[in-house]
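Listed below are the residues making up each chain.
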Amino acid sequence: MKYMLLINSPGADEAEEGCEASFDDWTAYDKAVHEAGIFVSGHSLADLVTATTVRVDAKGERTITDGPFAETREVLGGYYVIDVPDLDAALDWAARCPGATGGGSVVVRPIADFEG
């Protein structure tokens with residue numbers, strides 16, 4: 001079954017000091033996911049300042065603003081899509097993700113299969 005791991009970084013004022021994941025931590029995790037044969041896709045997202053939000057109202061008119069929702073304290077930094085046997089395995093991989101440390105979080109969501 002395929003699961004998306006949505007990697008949320010803490011806001012600048014919410015990061016836990018001394019718990020930040022290093023580049024080497026990310027490289028090791030990425031290598032482990034690939035070597036386990038569960039990698040489907042994944043990307044890091046560009047800096048938050050490059051984000052644009054689009055909203056369409058009931059009349060079909062759109063509003064475009066810079067950045068994500070102002071109320072958001074966490075920042076979506078990237079994702080992995082993995083193919084594992086069940087939710088427990090997906091949760092294990094999420095717990096190993098460097099993004100789950102230092103005040104960050106990893107949201108695990110099953111991928112909907114509309115073909116089956």
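Attention in this report is confined to the structure presented alongside it.

Cut-offs used in this document
- Residues numbered from 1 in each chain as written.
- Predicted model: local features only at pLDDT ≥ 70, side-chain atom pairs only at ≥ 80, totals over all residues.
- Heavy atoms only, no water.
- Pairing = 2+ DSSP bridges.
- Helix = DSSP H or I, 4+ residues; strand = E, 2+ residues; numbered from the N terminus.
- Axes fitted to C-alpha atoms, helices over the stretch in contact; angles between N-to-C directions.
- Core = buried A, V, L, I, M, F, W, Y, C linked by side-chain atoms within 4.5 Å.
- Buried < 20%, exposed > 50% of the residue type's maximum accessible area, 1.4 Å probe, protein only.
- Contact = heavy atoms within 4.5 Å.
- Arc of directions from axis to C-beta.
- Polar contact = N/O pair within 3.5 Å; in protein donor to acceptor, adjacent residues only side chain to side chain.
- Patch = residues over 30% accessible without salt bridge, like charges linked within 9 Å, V, L, I, M, F, W, Y side chains within 5 Å.
- Areas by Shrake-Rupley, 256 points an atom, 1.4 Å probe, with all protein chains shown as cover.
- Salt bridge = Lys/Arg side-chain N within 4 Å of Asp/Glu carboxyl O.

1. Thoughts on the sheet that holds strand β1 (residues 2-9)
Phase 1: In space, the four strands of this open sheet follow the order β2-β5-β1-β6, with antiparallel pairing throughout. Each end of this open sheet is capped by a strand with a single partner; those strands are β2 (39-44) and β6 (105-110). Mean inter-strand twist for the sheet, computed between neighbouring axes without regard to direction, equals 20°.
Phase 2: Taken together, the six bridges between β1 and β6 define a ladder with antiparallel strand orientation.

2. With respect to the nonpolar core
Phase 1: The biggest cluster of nonpolar side chains holds 17 residues, and the ones touching the most others in it are L5, Y29, V33, Y80, I82, V84 and W93.
Phase 2: Elements supplying a minimum of two residues to this core: β1, α1 (23-35), β5 (75-83), α2 (87-96) and β6.
Phase 3: The element that contributes the greatest number of residues to this core is α2, accounting for four residues.
Phase 4: For I82, the contacting residues outside a window of four places in its chain are M1, K2, Y3, L5, V33, I38, V40, A90 and W93.

3. Describing α2
Each full turn of the α-helix corresponds to 3.6 residues, which orients residues three or four apart in the same direction.
Phase 1: Within the span of α2, buried status applies to A89, A90, W93 and A94. Angular distribution of buried residues about the axis of α2 spans 140°; they occupy a single face of the element. Turned more than 90 degrees off the buried face of α2, the exposed positions are D88, D92 and A95.
Phase 2: Those residues of α2 that are buried are in contact with β1, α1, β5 and β6.
Phase 3: Measuring from the backbone nitrogen of D88 back to the side-chain oxygen at the start of α2 gives 3.3 Å, which picks out D86 as the cap.

4. What about a nonpolar patch on the surface?
Phase 1: A contiguous nonpolar patch, built from V54, V56 and I64 and spanning about 280 Å² of accessible area, is present on the exposed surface.
Phase 2: Position of V56 relative to the elements: it lies in strand β3 (residues 52-56).

5. What to know about the pattern of salt bridges
Phase 1: All told, the structure shown has one salt bridge when counted by the stated rule.
Phase 2: A salt bridge links E35 to K31, with the nearest nitrogen and oxygen atoms 3.8 Å apart. Here E35 and its partner K31 are both found in helix α1, four residues apart, which amounts to about one turn of the helix.

6. Here's the deal with the environment of A51
Phase 1: With respect to the helices and strands, the residue A51 is situated in the loop between β2 and β3.
Phase 2: Judged by relative accessible area, which is 25%, A51 ranks as partly exposed.

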